[in-house]
Amino acid sequence: MTLNQGFLTDFHHVAEFGATDRNGVDRQAATPEDRLSRDWFAEFAKNEGWELRVDSIGNMFALIESNPGAPHVLLGSHLDSQPLGGRFDGAYGVIAGLHAAKNIKRRLDDEGLVPEFNLGVVNWFNEEGGRFAPSIMGSSVFVGSMDEAEMLKVKDLEGTTVAQALESIGYLGKGQRPEVAGYAEIHIEQGRILEREQINIGAVDYSWHTQKLDIEVLGEQSHTGATAMADRHDALVAASKVILKVHDVAANFSEGSIVSSVGRMTLEPNSPIVVARRVHLIADLRAETKHDVLEARRILIEQIAAIGEEHEIRINVQDFDVREIQYYPVEGLELAEKSAANLGKSIRRIRTMAGHDSVAMNRIVPTVMLFIPSIDGVSHCEREFSTDEDMLHGLDVLTDVGWEMSFGALKENALQERSKDEYAQGVTA
Ligand code: HGY
Ligand code: MN
Ligand code: MN
């Protein structure tokens, strides 16, 4: 079987774990379906003779020791999905990481070479944040931007904690986290640019500023059939106005420069005969600039206060999951561009609106983030699709980038210090 065929076979096999009947997957973090994909990852590492470690927030590391004691360059992404999500988001990057590492290891052995850095492949815990919020959890704990003890206590809507869920699938580990020298991740674009421009690879130059708002709307229960309208404090009516304001705030900014929406709503007591006492909303604000996110937040805080007053209802708003813009090292962009050119693939620089584990990793080590085209740009839905051909183009480039990084191409001290506005000028979207 050719290397590429091995990748395709594995990719389509893993898509069976949590498969839905409309070509998607439902493999939320630390569910039995997630366990199937984790067991498969562990089996792959074992069959290759690589060391497997599982850390105390469920991150999985398959480590290859070619240069005893040297730190690792990690390739990887996440195997968890959104509810009724797509089979490419995350899983593509993990399986491409495994096969890129396998290809690199085979070449090192054939050529009798010892790289400066060891390779490893990682499956990050709970990148999606669908079951346990916030998202990008496992990699953020790894880099120290989220507190592990706090994250282990996070509950899903059924009241199960992260720790209980990981324990229940046997992946609450004790493994020591590897020392990391660099990180490379390949992922579907989840947008339309590469497809529209017919380009094979995106080299991600920066990520949008992102934050979430935790909004609690507190009304009062009463009888839907017996309470006069004037006497009601209906949390659902007020929450509905808040949801529309979150959607509408984007219209204050230039087209395409900001996104805003509410994706999660819980309603209590959720009885058809009771006026709602409490609605809990999570709003997602992202923009090209921090200024625009903060301005949208300012407008919303004002509007939400006015809705509370109008309905004599208390509405609490908390910031969380704030992600500053991340500029990826220009040397990493240049490395990706060189690899693509050598391999005859087209490439362009591109920003990411979606968050990724690379956004966390880029805080601590030189990081390369690569995209392949998404058909119709859709993601986080069963219709998500990328072609085998595009996945193989990406695997080729990831393999070459991983090879160069294991020989020190992006060593920390070799990176030129750049100010953010230098990046901003240098890395046009
Ligand atoms: O938060 C994100 O953007 C990612 O899709 N979990
Ligand atoms: Mn993802
Ligand atoms: Mn996702």
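Residues numbered from 1 in each chain as written. Chains lettered and ligands numbered in written order. Predicted model: local features only at pLDDT ≥ 70, side-chain atom pairs only at ≥ 80, totals over all residues. Heavy atoms only, no water.

**Thoughts on the coordination of the manganese ion (ligand 2)**
Heads up, the rule is: Metal-coordinating donors are taken as N, O and S atoms lying within 2.8 Å of the metal, or within 3.2 Å when the metal is Na, K or Ca; because water is left out, some sites can appear incomplete. A helix here means a DSSP run of H or I that spans at least four residues, while a strand means a run of E at least two residues long, and both kinds are numbered starting from the N terminus. Using a 1.4 Å probe on the protein chains alone, a residue whose accessible area is under 20% of its type maximum counts as buried, one over 50% counts as exposed, and one in between counts as partly exposed.
At 2.1 to 2.3 Å from the manganese ion (ligand 2) lie its protein donor atoms, namely H78 (NE2), D89 (OD) and H187 (NE2). Mapping the donors of the manganese ion (ligand 2) onto the primary sequence yields the spacing H-x10-D-x97-H. Here the manganese ion (ligand 2) and the manganese ion (ligand 3) are spaced 3.4 Å apart, linked through D89, which binds each one. Pair noted here: H78 is in the loop between β3 (72-77) and α3 (91-111) and D89 is in the loop between β3 and α3, with a separation of 11 residues, a long-range link. This pair shows no difference in class: H78 is buried, exactly as D89 is.

**Digging into the nonpolar core**
Put simply, the rule is: Put simply, a nonpolar core is a bunch of buried Ala, Val, Leu, Ile, Met, Phe, Trp, Tyr and Cys residues held in one set by side-chain atoms that sit within 4.5 Å of each other. Residues are treated as being in contact if the distance between any of their heavy atoms lies within 4.5 Å.
Formed by 70 residues in total, the largest nonpolar core has its most connected members in F7, F41, W50, F125 and V162. Discounting residues that sit within four places of it in the chain, V162 has contacts with I57, F125, F132, M137, M151, L152 and V154. Grouped together as the second largest cluster of nonpolar side chains are 25 residues, V249, F253, I299 and I315 included.

**Describing the packing of aromatic side chains**
Going by this rule: Side-chain rings of Phe, Tyr and Trp, where Trp is taken by its six-membered ring, are said to pair if the distance between their centres is within 6.5 Å; with planes under 30 degrees apart they count as stacked, over 60 as edge-to-face, and otherwise as tilted.
In total, this model carries 12 aromatic pairs according to the counting rule given. Aromatic pair F61 and F142: ring centres 5.6 Å apart, planes at 40 degrees, arrangement tilted. Of this pair, F61 sits in strand β2 (residues 60-64) while F142 sits in helix α4 (residues 137-143), placing them 81 residues apart in sequence. With respect to class, F61 is no different from F142; both count as buried.

**With respect to the coordination of the manganese ion (ligand 3)**
Octahedral six-donor coordination of a metal ideally yields angles of 90 or 180 degrees, compared with 109.5 degrees for tetrahedral four-donor coordination. Only D89 (OD), E128 (OE), E128 (OE) and H380 (NE2) from the protein reach the manganese ion (ligand 3) as donors, at distances of 2.1 to 2.4 Å. For D89, a relative accessible area of 4% translates into the label buried.

**Describing the pairing of strand β1 (residues 51-54)**
For the record, the criterion: In this analysis, strands are considered paired if DSSP registers two or more bridges between them.
Where β1 lies against β2, 4 bridges are found, and the strand directions are antiparallel. Each residue of the ladder has a partner; that of V54, found in β2, is M60. The turn joining β1 and β2, which pair antiparallel and follow one another in sequence, is formed by 5 residues; a positive phi near 85 degrees is taken by G58.

**Notes on the site of ligand 1**
Quick reminder of the rule: Any residue with at least one heavy atom within 4 Å of a molecule or strand is counted as near it. Counted as a polar contact is a pair of N or O atoms within 3.5 Å, where, for protein atoms, one must be capable of donating a hydrogen and the other of accepting one, and residues adjacent in sequence contribute only when both atoms are in side chains. Only protein atoms enter the 1 Å grid used here. Points where a 1.4 Å probe fits but cannot escape make up a cavity, open sets with protein on both sides within 12 Å along at least five of seven lines make up a pocket, and a residue lines them when an atom lies within 4 Å of a point. Any molecule with more than half of its atoms within 2 Å of a cavity's or pocket's grid points is regarded as sitting in that cavity or pocket. When residue character is reported, Ala, Val, Leu, Ile, Met, Phe, Trp, Tyr, Cys and Pro are called nonpolar, Asp, Glu, Lys and Arg charged, and the others, Gly included, polar.
As a matter of local geometry, ligand 1 sits amid E127, E128, S135, R286, R323, A354, G355 and H380. In this structure, R286 approaches ligand 1 through a side-chain N or O atom, which is 2.7 Å from an oxygen atom. Separating an oxygen atom of ligand 1 from a side-chain N or O atom of R323 is a distance of 3.1 Å. When each cavity is represented as a set of grid points, ligand 1 is found to reside in the largest pocket. Across the shell around ligand 1, the residue classes tally to 1 nonpolar, 3 polar and 4 charged.

**Some words on the sheet that holds strand β7 (residues 209-218)**
Stated formally: Whenever a helix is involved, its axis is fitted only over the stretch in contact; in every case the axis is a line through C-alpha atoms, and angles between N-to-C directions fall within 0 to 180 degrees.
One open sheet accounts for 4 strands, arranged β9-β11-β7-β12; its pairing is antiparallel. Strands at the two margins of the open sheet, each flanked by one partner only, are β9 (258-268) and β12 (314-323). Within this sheet the neighbouring strands show an average axis-to-axis angle of 15 degrees, counted without direction. Relative to strand β11 (residues 278-287), β7 is paired through 10 bridges, and the arrangement is antiparallel. In the strand pairing of β11, V217 is matched with V279.

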